[in-house]
Amino acid sequence: MPMNTQGRPTQAGTATRSAVATFSGNRGLDHEEALIFEIGTTEKSGVDLPAPPKHTSRLGGLERKMPIGLPGLSEPEAMRHYVRLSRMNYAIDSGIYPLGSCTMKHNARLNEKMARLAGFGDIHPLQPQKTVQGALELMELLGTYLMELTGMPAVALSPKAGAHGELCGMLAIKAAHDAQGSKRNVVLVPESAHGTNPATAAFMGYKVKSIPARHDGTVSVDAVKSALGPDVAAIMLTNPNTCGLFEPEVAAIADAVHAAGAYFYCDGANFNAIVGKVRPGDLGIDAMHINLHKTFSTPHGGGGPGSGPVVLSAALAPFAPVPFVAKTKSGYRMVEDTGVDEAKSAFGRLTAFHGQMGMFVRAMAYMLSHGSDGMRLASEDAVLNANYIRAGLSDLMSQPFGDKPCMHEVLFDDSWLKDTGVTTLDFAKAMIDEGYHPMTMYFPLVVHGAMLIEPTESESKASLDAFVTTLRALASAAKSGDTERFKGAPRLAPRRRLDETKAAREPKLVYTTPTKSAAE
Ligand SMILES: *Cc1c(COP(=O)(O)O)cnc(C)c1O
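Calculation rules
Residues numbered from 1 in each chain as written. Predicted model: local features only at pLDDT ≥ 70, side-chain atom pairs only at ≥ 80, totals over all residues. Heavy atoms only, no water. Helix = DSSP H or I, 4+ residues; strand = E, 2+ residues; numbered from the N terminus. Rg over C-alpha atoms; globule rule 2.2 N^0.38 Å. Contact = heavy atoms within 4.5 Å. Lys, Arg positive; Asp, Glu negative; His and termini not counted. Charge placed at Lys NZ, Arg CZ, Asp CG, Glu CD. Core = buried A, V, L, I, M, F, W, Y, C linked by side-chain atoms within 4.5 Å. Buried < 20%, exposed > 50% of the residue type's maximum accessible area, 1.4 Å probe, protein only. Pairing = 2+ DSSP bridges. Axes fitted to C-alpha atoms, helices over the stretch in contact; angles between N-to-C directions. Salt bridge = Lys/Arg side-chain N within 4 Å of Asp/Glu carboxyl O. 1 Å grid on protein atoms, 1.4 Å probe; cavity = no way out; pocket = protein on both sides within 12 Å on 5 of 7 lines; lining within 4 Å. Points joined across faces, edges and corners; volume = space filled by probe spheres on them. Nonpolar A, V, L, I, M, F, W, Y, C, P; charged D, E, K, R; others polar. Near = heavy atom within 4 Å. Polar contact = N/O pair within 3.5 Å; in protein donor to acceptor, adjacent residues only side chain to side chain. Areas by Shrake-Rupley, 256 points an atom, 1.4 Å probe, with all protein chains shown as cover. Phe/Tyr/Trp six-rings, centres within 6.5 Å; stacked < 30°, edge-to-face > 60°.

I'd like a rundown of the overall build of the chain, residues and numbers included.
Scanning the chain for helices and strands turns up 16 helices and 12 strands. Computed over its C-alpha atoms, the radius of gyration of the chain comes to 26 Å, within 12% of the 24 Å expected for a compact globule of 520 residues. Each principal axis of the C-alpha distribution contributes one length, and for the chain these read about 75 × 70 × 40 Å. Counting contacts in the chain only where the partners sit at least 6 residues apart, residues at least 24 apart contribute 70% of the total. The chain carries 51 positive and 53 negative side-chain charges, and their two centres are separated by 5 Å.

This is the structure we're talking about:
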């Protein structure tokens, strides 16, 4: 296939949808699309601006001498370019998105409408506070709801994603240790943890000590106890864990951690499994981030904005970051300074402003439209749906910890693929040809060839049945030696197997015009 210097097919029509060759390179009503630099020209413009009036330059000889080199397109060309690209993508709005640990649920249009109200969407963080009372009230109410749902007495709304929330919670824990003059330097992390947990601890300069998982995929209080010591600052544990299981000894783990003078950070990314059923505060957790963009809808994936508020226990509440919203007699006020000496133990500020307003509004709309009964029902349905998939596939696909009820996501491994010549990756790629986004692969790391499926509550029985039927057909094909179907997959996607690692490690972010020979 001809590639340009960017490692891309050189023209429309030469890409790799090889299964069915068409004259145009298009496939049905979906068009192949080249880079904007390859279809646009520097001479063209989508707008007709009047020539600038005569003026004397004030740039002192620093004017650009060369054309800027940006491609120009007419409006219909630009529109088609981006619409065609968008049709190569997959979204929760086009089908089930079973990416485990990510909680890809439906984003209600009502939430979008609310987030676009001018009083929320068009305001600026530096506006006088008396002009944004409604927005501050919403933040205060959201914080109150999050504390209510988690059973925790304090909340910091400013973290901008789950990983940022981890940093916030761990900085509060560090501030609490600093206030006691304690120099603890170790953080315990179970081996099933999301990569952001050890990354957060290491980023803050802690040594990460790994806790092994038991044969049933959970963490034992004994393993935690034997790792605890005077050097341990905190444990970072996910509950329900990344194997889709509720940690049965979580309360005993919290007791042991506290007895050793450490704090309990809970990764709350899987909160969707337990909203309205379990309050993390009742389990002895000191800090937990909530991925508003997972549990409380709001679009994510593909780099959409996140929001990771952190709830804190009474022990950590004094170490929460500023700013926060306070309700006073004369209205709502953003507290920027608590008067605590920052040089001593105060956390200070995590981000420039208050956090992700648009995500706050969407989460609030989700909460208000569901009500407390609806949020509980959503969790129950999320768990029910995951177990429905488990029951539909467990005779064909193996589960690392045996076939027993799971929480909101179901974990399979690759031992059932042994000797078929098909790997987890091949299986996932074959799902794309069937019109499904793959599940989470090779995570959690404790399980060989992991396939983690999280349907969420959004899916109907019909949608789950279609998904199960397709996966059963694929599983049977893999077992009956139809390796060609898998090795060549995806055959029907706009692109086939790309070197994603290389793309991430060596991204090409600058376009250079390909030389003639390189283009051929
Ligand atoms: C998604 C996730 C995170 C990180 O959240 P981001 O918002 O992507 O930063 C952390 N832990 C677990 C278990 C997750 O699923």
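With reference to specific residues and values, describe the nonpolar core.
Counting 57 residues, the largest nonpolar core has Leu 142, Leu 146, Leu 188, Phe 264 and Phe 296 as its most contacted members. At the level of secondary structure, the elements contributing two or more residues to this core comprise α5 (133-150), β2 (186-190), α8 (221-227), β4 (232-238), α9 (250-259), β5 (263-267), β9 (331-335) and α11 (357-393). It is α11 that provides the largest number of residues to this core, a total of 10 residues. For Leu 146, the contacting residues outside a window of four places in its chain are Val 155, Leu 157, Ile 290, Leu 292, Phe 296, Pro 309, Val 311 and Met 367. Counting residues in hydrophobic clusters, the runner-up holds 29 residues, among them Phe 412, Tyr 436, Met 439 and Ala 489.

Any chance you could break down the sheet that holds β5 for me, citing the residues and the numbers?
The strand order β1-β7-β6-β5-β4-β2-β3 describes an open sheet built from seven strands, whose pairing is mixed. Both outer strands of the open sheet, β1 (154-156) and β3 (207-211), are each paired with one neighbouring strand and no more. Going from strand to strand, the sheet's axes swing by 20° on average, the running direction of each strand aside. Taken together, the five bridges between β2 and β3 define a ladder with parallel strand orientation. Counted as the bridge partner of Leu 188 is Lys 209 from β3. With respect to the sheet, helix α7 (residues 196-203) is in contact with β2, β3, β4 and β5, its orientation differing from that of β4 by roughly 160°. Strands in contact with α9 are β4 and β5; relative to β5, the strand with the most contacts, it is inclined by about 145°.

Summarise the pattern of salt bridges; cite the residues concerned and give the values.
Within this structure, the stated rule accounts for 25 salt bridges. Lys 44 is the partner of Glu 77 in a salt bridge, and the nearest nitrogen-oxygen pair spans 3.0 Å. Of this pair, Glu 77 sits in helix α2 (residues 75-87) while Lys 44 is found in the loop between α1 (36-39) and α2, placing the two residues 33 residues apart along the sequence. The exposure class of Glu 77 is partly exposed, given its relative accessible area of 31%. Ionic pairing is found between Arg 390 and Asp 403, a salt bridge with its closest N-O pair at 2.7 Å. Of this pair, Arg 390 sits in helix α11 while Asp 403 sits in the loop between α11 and β10 (410-412), placing them 13 residues apart in sequence. Since its relative accessible area comes to 12%, Arg 390 is described here as buried.

Would you mind going over empty space enclosed by the protein in detail, with residue names and values included?
Across all of its chains, the model carries two cavities of 30 Å³ or more by this definition. The calculated volume of the largest cavity comes to roughly 80 Å³. Residue lining of the largest cavity: Cys 243, Leu 245, Gln 399, Pro 400, Phe 401, Gly 402, Lys 404, Cys 406 and Leu 411, and that is the complete set. Among the residues forming the lining of the largest cavity, the class breakdown is six nonpolar, two polar and one charged. Taken as a whole, the second largest cavity holds about 30 Å³ of empty space. Pro 190, Ser 192, Ala 193, Val 219, Leu 237, Thr 238, Asn 241, Thr 242 and Glu 247 are the residues that line the second largest cavity. Its residues placed into classes, the lining of the second largest cavity shows four nonpolar, four polar and one charged.

Talk me through the sheet that holds strand β12 (residues 451-453); I want residue IDs and the actual numbers.
Spatially, the three strands line up as an open sheet ordered β10-β12-β11, and their pairing is antiparallel. Strands at the two margins of the open sheet, each flanked by one partner only, are β10 and β11 (440-441). Bridge analysis of β11 against β12 gives two bridges, and the strand direction is antiparallel. Looking across to β12, one finds that Met 441 is bridged to Met 451. Contacting β10 and β12, α11 runs over the sheet at an angle of about 30° to β10.

Mind laying out the site of the ligand, listing which residues take part and the relevant values?
The environment of the ligand is formed by Ser 101, Ala 161, Gly 162, Ala 163, Glu 166, His 194, Thr 196, Asp 267, Ala 269, Asn 291, His 293 and Lys 294. With respect to the ligand, the backbone of Gly 162 contributes an N or O atom lying 2.7 Å from an oxygen atom. Between an oxygen atom of the ligand and a side-chain N or O atom of Lys 294, the distance comes to 2.8 Å. Out of a free accessible area of 380 Å², the ligand has 85% covered by protein chains. At the level of secondary structure, the elements contributing two or more residues to the shell around the ligand comprise α6 (162-179) and α10 (292-295). Here the shell around the ligand gets three residues from one element, more than from any other, and that element is α6. In the shell around the ligand, the residues fall into three nonpolar, six polar and three charged.

Would you mind going over the packing of aromatic side chains in detail, with residue names and values included?
The description of an aromatic ring pair uses the distance of the two centres, along with the angle that the planes make with each other. The tally for this structure, following the rule as stated, stands at seven aromatic pairs. Measuring from ring centre to ring centre gives 6.5 Å for Phe 271 and Phe 296, while their planes differ by 65°; the resulting arrangement is edge-to-face. Taken together, the positions of Phe 271 in the loop between β5 and β6 (287-289) and Phe 296 in the loop between α10 and β7 (310-312) put the pair 25 residues apart, joining distant regions of the chain. Between Phe 296 and Tyr 366, the ring centres sit 5.8 Å apart and the planes meet at 80°, which makes this aromatic pair edge-to-face. With Phe 296 in the loop between α10 and β7 and Tyr 366 in helix α11, this pair connects stretches of sequence that are 70 residues apart. With a relative accessible area of 0%, Phe 296 lands in the buried category. Ring pairs connect the aromatic residues Phe 271, Phe 296 and Tyr 366, which therefore count as one cluster.

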